Amino acid sequence: AQSVTQLGSHVSVSEGALVLLRCNYSSSVPPYLFWYVQYPNQGLQLLLKYTSAATLVKGINGFEAEFKKSETSFHLTKPSAHMSDAAEYFCAVSDQGDSSYKLIFGSGTRLLVRP
Amino acid sequence: SQTIHQWPATLVQPVGSPLSLECTVEGTSNPNLYWYRQAAGRGLQLLFYSIGIDQISSEVPQNLSASRPQDRQFILSSKKLLLSDSGFYLCAWSVHSYEQYFGPGTRLTVT
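Reading the values: rules and limits
- Residues take numbers from 1 onward in each chain, read along the sequence in its written order.
- Going through the entries in the order they are written, you letter the chains from A and number the ligands from 1.
- Given that the model is predicted, a residue must reach a pLDDT of at least 70 before its local features are reported, and side-chain atom pairs must reach 80 or more before they are shown or counted; all residues, however, enter totals for whole chains, interfaces and linings.
- Side-chain numbers come from the whole structure's heavy atoms, not from hydrogens or water.
- Counting from the N terminus, the helices are DSSP H or I runs at least four residues long and the strands are E runs at least two residues long.
- Whether a residue is buried, partly exposed or exposed follows from its accessible area with a 1.4 Å probe, protein chains only, as a fraction of its type maximum: under 20%, in between, or over 50%, in that order.
- What makes two residues a contact is simply this: any of their non-hydrogen atoms within 4.5 Å.
- Surface accessibility follows the Shrake-Rupley procedure with a 1.4 Å probe radius. Residue values consider only the protein chains on display as shielding.
- A pair is scored as a salt bridge if a Lys or Arg side-chain nitrogen falls within 4 Å of a carboxyl oxygen belonging to Asp or Glu.
- By buried area we mean the combined loss of accessible area, with a 1.4 Å probe, across both parts when two parts are placed together.
- Polar contact is the term for a pair of N or O atoms within 3.5 Å; when the atoms are in protein, one must be able to donate a hydrogen and the other to accept it, and sequence-neighboring residues count only if both atoms are side-chain atoms.
- Gly counts as polar in this scheme, as do all residues outside two lists: the nonpolar Ala, Val, Leu, Ile, Met, Phe, Trp, Tyr, Cys and Pro, and the charged Asp, Glu, Lys and Arg.

In terms of regular secondary structure, chain A is built from zero helices and 12 strands. Going from the N terminus to the C terminus, chain A shows its helices and strands as β-β-β-β-β-β-β-β-β-β-β-β. Overall, the C-alpha framework of chain A stretches about 45 × 30 × 20 Å when taken along its three principal axes. Buried residues in chain A amount to 44% of all 115 residues. Contacts spanning at least 24 positions in sequence make up 56% of the contacts within chain A whose residues lie at least 6 apart. Total accessible area on chain A is roughly 5400 Å²; 52% of this is exposed by carbon and sulfur atoms.

For the rest of this paragraph, the subject is the pattern of salt bridges. This structure, assessed with the given rule, holds eight salt bridges over all chains. Here A:Lys58 ties to A:Glu64 by a salt bridge, and the two come within 2.8 Å at their closest N and O atoms. When its relative accessible area of 63% is taken as the criterion, A:Lys58 is described as exposed. Its salt-bridge partner being B:Arg68, residue B:Asp71 comes within 3.3 Å of it at the nearest N-O pair. With relative accessibility at 22%, the residue B:Asp71 sits in the partly exposed group. What you see here is one network of salt bridges that share partners, running through A:Asp95, A:Lys102 and B:Glu59.

Listed by partner, the interface residues are 24 residues for chain A and 24 residues for chain B. Overall, the association of chain A and chain B removes approximately 1800 Å² of surface from exposure, summing both partners, and the carbon and sulfur fraction of that is 57%. Viewed at the interface, chain B and chain A are joined by two salt bridges. Between A:Lys49 and B:Glu99 there is a salt bridge, with its nearest N and O atoms 2.2 Å apart. Viewed at the interface, chain B and chain A are joined by 11 residue pairs in polar contact (both at pLDDT 80 or more). Within the residue set of the side of chain A that touches chain B, elements represented by two or more residues are strand E5 (33-38), strand E6 (44-50), strand E10 (87-94) and strand E11 (103-105) of chain A. In terms of residue class, the side of chain A that touches chain B is made up of nine nonpolar, 11 polar and four charged.

The following block contains the structure:
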């Protein structure tokens, strides 16, 4: 079965510092991978996706992620954190292929940005 | 463009009362639809998904049920709420893709 692990339930960075949120997956076939962001009391918004094209994926709000098959990782980065980046971030991996198109979500990482 | 609506936005219900949460999608046809629950401080738990009208699959045995009376309408129900049903309920849709789009959510507090 597919699974996804997000290391660190909370990550704290200073404004202007590098953001690195970690995601590792287990999959027996090349997966599709996603990062979503959730602001308080809101739904999830798609940040970026990997669908077996370029391994470095750029998303919205200056975020990017790199698919590394050898490390089974899909870490999310941003060069310089803004206060507005404070939110919860979820990594998700595609469940194995049927017409349900289900995703399996990690437990989430809450990003805190210090002024 | 596609939009997804959920209502109500917030709900406070006593234990033992019934529940009905509604999700509707506009601007697409024959979407896959999903209900998730997010308990406080926890990740997303997939509750139900539907690949078509009257085609509902349950992921986790529980006190809830789902129905899809129309192509773009997905309803989450309970006959008798438990305290453990409290949480943030999210509806999502996708079309022939793993890319899911989420609604704004319903905050349910069972007292």
